[in-house]
Amino acid sequence: MSTVPRSFAHEALAGARFLDVNMQAARFDNVDLSQAAFSNVSLAGARLDNVNLSGLTIANANLTGMTINGISVEDLLRAHDA
C-alpha cells in the first residue's frame with residue numbers, strides 16, 4: 001500500500017468506496033459526507049469541529065473517552081440508562 005501523501009481539491013467523490021484504506025492523520029475541510037456509510041472504521045483520536053451531525057446514527061461503537069462539547073458520552077449514557 002502506498003504511503004505517498006495525496007491531496008484532493010474540488011473533487012466529486014460522491015458514491016466513492018474506500019476499502020482497507022489508512023486515513024490516519026487525514027484532514028477533511030469543507031467536505032460533504034451526507035448519506036455516507038462507515039463500517040469497521042477507526043476514528044480514534046479524531047477531532048470534529050463545526051460539523052452537522054443531524055440524523056447521525058452510531059451503533060456498536062467503542063465510545064471510551066468520547067466527549068461532545070467537553071461532556072463525557074460515557075457519563076451521559078450511564079445517566080440515561082440509570
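In short, a report on the structure. Just so it is clear, the structure is predicted and the values come from calculations on it, not from any experiment.

Some details on the environment of Ala-37
Within the secondary structure, Ala-37 is located in the segment before strand E1 (67-68). Note on Ala-37: relative accessible area 77%, which makes it exposed. Taking C-alpha positions, Ala-37 is 10.0 Å from Thr-57, a pair spaced 20 residues apart along the chain.

As for the pattern of salt bridges
Summed over all chains, the structure comprises three salt bridges. Residues Asp-75 and Arg-78 are paired through a salt bridge, measuring 2.5 Å at the closest nitrogen-oxygen approach. A residue pair is termed a helical-turn pair when its members lie 3 or 4 positions apart in one helix, as Asp-75 and Arg-78 do in helix H1 (residues 73-81) at three residues. Residue class for Asp-75 comes out partly exposed when judged on its relative accessible area of 43%. The exposure class of Arg-78 is exposed, given its relative accessible area of 51%.

Parameters at a glance
Residues numbered from 1 in each chain as written. Predicted model: local features only at pLDDT ≥ 70, side-chain atom pairs only at ≥ 80, totals over all residues. Heavy atoms only, no water. Helix = DSSP H or I, 4+ residues; strand = E, 2+ residues; numbered from the N terminus. Buried < 20%, exposed > 50% of the residue type's maximum accessible area, 1.4 Å probe, protein only. Salt bridge = Lys/Arg side-chain N within 4 Å of Asp/Glu carboxyl O.

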